[in-house]
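Chains, contacts and geometry: an overview
What follows is each chain in one-letter form.
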Amino acid sequence: MAGQAEIKAKLAELKVLSPSGYALALHIRYTTPTFLFQTYEKKWLDHYSQNGYVMTDPAVHWGFENRGSRTWAELADLDVAGVFKAAADHGLKYGIACAVGEDASPSICAFARPDREFTKAETDEIMGHLHEMHALTDNLQALSPETAAALKEMSILYTHPAND
């Protein structure tokens, strides 16, 4: 299960780079990601979900139409629903939106921190990890059933940690 170990290591590295958490939606087909990893605090995840922010989140909308990365500050003009302000109120003051992949199966992600903007080196490192994770999870059918099941379980555990 080399793929699973590599992904687990990359998720841990991303957590260090993104101290306020992240949301990784890998290989979105139609409107559903194949894998979803979230490390934001539960209070923010609940607030985001209860307010239906995915429908108005500028990071999500930008990611469906673009590839690369943008800071949340660069996307602020698109934030008509106040998603970024609500995020800041929950300690997610600075962030980046990242998107990779082809239009039929993009991976769209957001990363946050409480203290400052991400540096170019940090953004480049995050994008490198994202490209690798996108490639590692590209073809669910090519993964062994055990690896696919383990990744799905990891996705659930990252989004719903047992200590909440």
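Before going into details, it helps to say that this report is about the structure given with it. Computed from a predicted model, the values in this text were never measured in an experiment. (Residues numbered from 1 in each chain as written. Predicted model: local features only at pLDDT ≥ 70, side-chain atom pairs only at ≥ 80, totals over all residues. Heavy atoms only, no water.)

Let us look at the packing of aromatic side chains. For the structure on display, the rule yields six aromatic pairs. Between tyrosine 48 and tyrosine 53, the aromatic rings sit 5.7 Å apart at their centres with planes inclined by 75°, giving edge-to-face as the arrangement. Under the relative-accessibility criterion, tyrosine 48 is labelled buried at 18%. With relative accessibility at 10%, the residue tyrosine 53 sits in the buried group. Centroid distance tryptophan 72 to phenylalanine 84: 5.0 Å. Interplanar angle 10°. Geometry classified as stacked. Taken together, the residues tryptophan 72 in the loop between β3 (68-71) and α4 (83-89) and phenylalanine 84 in helix α4 connect sequence positions 12 residues apart. (Phe/Tyr/Trp six-rings, centres within 6.5 Å; stacked < 30°, edge-to-face > 60°. Buried < 20%, exposed > 50% of the residue type's maximum accessible area, 1.4 Å probe, protein only. Helix = DSSP H or I, 4+ residues; strand = E, 2+ residues; numbered from the N terminus.)

Looking now at helix α3 (residues 58-65). Taken together, the buried positions of α3 are occupied by Pro58, Ala59, Val60, Trp62 and Gly63. Residues of α3 that are buried make contact with α2 (42-50), β3, α4, β4 (94-100) and β5 (107-113). At the N-terminal boundary of α3, the capping side chain belongs to aspartate 57, with an oxygen 2.8 Å from the backbone nitrogen of alanine 59. (Contact = heavy atoms within 4.5 Å. Polar contact = N/O pair within 3.5 Å; in protein donor to acceptor, adjacent residues only side chain to side chain.)

Counting residues in hydrophobic clusters, the biggest one holds 23 residues, and the most contacted among them are Tyr40, Trp44, Tyr48, Tyr53, Trp72 and Leu92. The set of elements that each furnish at least two residues to this core consists of β1 (21-29), α2, α3, α4, β4 and β5. In terms of residue count, α4 provides more of this core than any other element does, four residues in total. Residues Phe37, Phe111, Phe118 and Met133 belong to the second largest nonpolar core, which totals 19 residues. (Core = buried A, V, L, I, M, F, W, Y, C linked by side-chain atoms within 4.5 Å.)

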